[in-house]
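Residues per chain are reported as follows:
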Amino acid sequence: MRLPGPTEDFSGVRWIAEHIPFYRVIYGAEGIDPRIIASYDGFSRLPILRKGLLRSVNPDLLHPPGAIHDITFESSGTTGRPLVTKYTLEDYMRSIRRLAALRGREDFQGKKVLMLLRRGHSAEFGTRKGFELLEAERIDLAPSFKPEEVLREIEEHRYNVLVGIPENPKFPGTSLLDLLEADKKGVVGSHVELAICVGGELREEARAQMAAVGLDVISSYGSTETAGIATEKRGCMRQHVYSDSLVEVLRDGKSAGLGERGRVVVSTLARRGSTTYVRLLTGDSAVYHPPPCRCGEGMATLEGVRREEEQDLYLESGCRVMV
């Protein structure tokens, strides 16, 4: 089942093919004429891209020549071949504003936010911008990842909201659950109202541990390459899709049926200056639910988002690309 974007206008594919060098090569090699794509049926025939392939591509070929960028992020640098994504501030803030429009109904005005995130990471930047739009009173980055120091900060400044990775076995002491484990005096439960989880799947066991100390828990879904995609809200654990991009959920290369788990594929068609991805395989899977959500929001939703292993490094069609 496909998750429709905010518009059914696929003319953006033609613009991308005309202005972005990588897609001129891709579509030329595949014999695709983007000028005739007028519906999802045509769009669904475009090749699916995998991150492994794109890491071997000069990132400057993935945005219009001469574009001036305000923000640059790298993902999966531990592989030795990071995927570089460049944004104009306008493009990046588009999805942040959609998040804020949904979250603004929860009233963050005057709240104090502490982020347990690495400085300069896309999640840190996006979280800060989002809470600025939501008129939070204070938005700080934790001074360190040492739980005892973070707990002192919470107690001293009385933070209401925590933002961080729920679990991080590779780097002990850096996650929200590590903080709860170290919190022998109940500091978090005494001051914090809400935990916002980013950067990974939120297991039910982890959610239960946070709820046990009195925290409301919200998980947001997105990536460095695509910015925000969806978010939970208080009282509803489905991921409400707010991205201005086109999101698909595919099974065996076709739209997954209702209730079926499929692979999440994202296209950032609305960008005009940033790095653009057309049918990017995120490496995640989810179950799709059509709008409206059962909570009353008129939005498509994802459920059970989880990380899957990346597969081979070629185009879905088998095309060998030389750029």
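Just above sits the structure.
Residues numbered from 1 in each chain as written. Predicted model: local features only at pLDDT ≥ 70, side-chain atom pairs only at ≥ 80, totals over all residues. Heavy atoms only, no water.

Visitor: Would you mind showing me how to read empty space enclosed by the protein here?
Guide: Rolled over the atoms, a probe with the dimensions of a water molecule shows which regions are left empty. Scanning the model with the defined rule gives one cavity of 30 Å³ or more in all. Considered as a void within the structure, the largest cavity measures approximately 50 Å³ in volume. Residue lining of the largest cavity: Asp-91, Tyr-92, Arg-94, Ser-95, Thr-226, Ala-227, Asp-244, Ser-245, Thr-268 and Arg-271, and that is the complete set. Considering each element in turn, the lining of the largest cavity owes the most residues, four residues, to helix 5 (residues 89-103). Residue classes in the lining of the largest cavity are distributed as two nonpolar, four polar and four charged. (1 Å grid on protein atoms, 1.4 Å probe; cavity = no way out; pocket = protein on both sides within 12 Å on 5 of 7 lines; lining within 4 Å. Points joined across faces, edges and corners; volume = space filled by probe spheres on them. Helix = DSSP H or I, 4+ residues; strand = E, 2+ residues; numbered from the N terminus. Nonpolar A, V, L, I, M, F, W, Y, C, P; charged D, E, K, R; others polar.)

Visitor: So what exactly am I meant to see when it comes to the nonpolar core here?
Guide: Where a protein is soluble and globular, its nonpolar side chains tend to be buried together. Grouped together as the largest cluster of nonpolar side chains are 28 residues, with contacts concentrated most on Phe-22, Tyr-23, Tyr-27, Phe-43, Leu-54 and Val-278. Secondary-structure elements contributing two or more residues to this core are helix 1 (11-19), helix 2 (21-30), helix 3 (40-43), helix 4 (51-54), strand 12 (246-251) and strand 15 (280-289). Ranked by residues supplied to this core, first place goes to helix 2 with four residues. Each residue touching Tyr-27, except ones within four places of it in the same chain, is listed here: Val-13, Ala-17, Ile-32, Leu-46, Pro-47 and Val-278. (Core = buried A, V, L, I, M, F, W, Y, C linked by side-chain atoms within 4.5 Å. Buried < 20%, exposed > 50% of the residue type's maximum accessible area, 1.4 Å probe, protein only. Contact = heavy atoms within 4.5 Å.)

Visitor: I'm lost on the pairing of strand 11 (residues 236-241) in this one. Help?
Guide: Within a regular beta strand, the side chains point alternately toward one face of the sheet and then the other, so they alternate between its two faces. Taking burial as the measure, the six residues of strand 11 include five buried ones, the bulk of the element. A loop of two residues connects strand 10 (residues 227-233) with strand 11, the two strands running antiparallel in sequence, and Gly-235 in this loop sits at a positive phi of about 90°. Across two bridges, the pairing between strand 11 and strand 16 (residues 301-307) is antiparallel. Considered in strand 16, the bridge of Gln-239 is made with Leu-302. (Pairing = 2+ DSSP bridges.)

Visitor: Help me understand the packing of helix 5 against helix 6 (residues 122-133), please; the structure alone is not making it clear to me.
Guide: For any two helices packed against each other, one specifies the inter-axial angle together with the distance between the axes. Running from N to C, helix 5 and helix 6 point in directions that differ by 60°, and their axes come no closer than 9 Å. Judged by the angle between their axes, helix 5 and helix 6 are oblique. Note that helix 5 runs across helix 6; the crossing there is right-handed. Note on element contacts: helix 6 touches helix 5 through Ser-122, Phe-125, Gly-126, Lys-129, Gly-130 and Leu-133, opposite Leu-89, Tyr-92, Met-93, Ile-96, Arg-97 and Ala-100. Considered class by class, the residues forming the contact of helix 5 with helix 6 number seven nonpolar, three polar and two charged. (Axes fitted to C-alpha atoms, helices over the stretch in contact; angles between N-to-C directions. Parallel < 35°, antiparallel > 145°, perpendicular 65-115°, else oblique. Left-handed = near helix turned anticlockwise from the far one by under 90°.)

Visitor: What am I meant to see in the pattern of salt bridges here?
Guide: Between side chains of opposite charge, a pair can form when the charged atoms approach closely. Here the structure, examined in full by the defined rule, presents 23 salt bridges. When salt bridges that share partners are traced, they join Glu-90, Asp-91 and Arg-94 into one network. (Salt bridge = Lys/Arg side-chain N within 4 Å of Asp/Glu carboxyl O.)

Visitor: How should the state of the cysteines be read in this particular structure?
Guide: Two cysteines, two sulfur atoms, one covalent bond between them: this is a disulfide. Within the structure shown, the criterion is met by zero disulfides. Of all cysteine sulfurs, the one in Cys-236 lies closest to Cys-197, which takes part in no disulfide; the gap is 16 Å. The exposure class assigned to Cys-236 is buried, which follows from its relative accessible area of 3%. (Disulfide = S-S within 2.5 Å.)

Visitor: Can you walk me through helix 1 in this structure?
Guide: One turn of an α-helix holds 3.6 residues; hence residues three or four places apart share an orientation. When helix 1 is considered as a whole, its buried residues turn out to be Gly-12, Val-13, Ile-16 and Ala-17. Projected onto a plane normal to the axis of helix 1, the buried residues spread over an arc of 140° and lie on a single side. Tucked inside the fold, the buried residues of helix 1 contact helix 2 and helix 3. (Arc of directions from axis to C-beta.)

Visitor: Help me out: how do you make sense of the environment of Glu-193 in this one?
Guide: Secondary-structure assignment places Glu-193 in the loop between helix 9 (187-191) and strand 8 (194-197). Distance in space between the C-alpha atoms of Glu-193 and Gly-214 is 7.3 Å, their sequence separation being 21 residues. Ignoring any residue separated from it by four or fewer positions in sequence, one finds Glu-193 in contact with Lys-111, Asn-160, Gly-214, Leu-215 and Asp-216. A distance of 3.1 Å separates the side chain of Glu-193 from the side chain of Lys-111, its partner in a polar contact. (Polar contact = N/O pair within 3.5 Å; in protein donor to acceptor, adjacent residues only side chain to side chain.)

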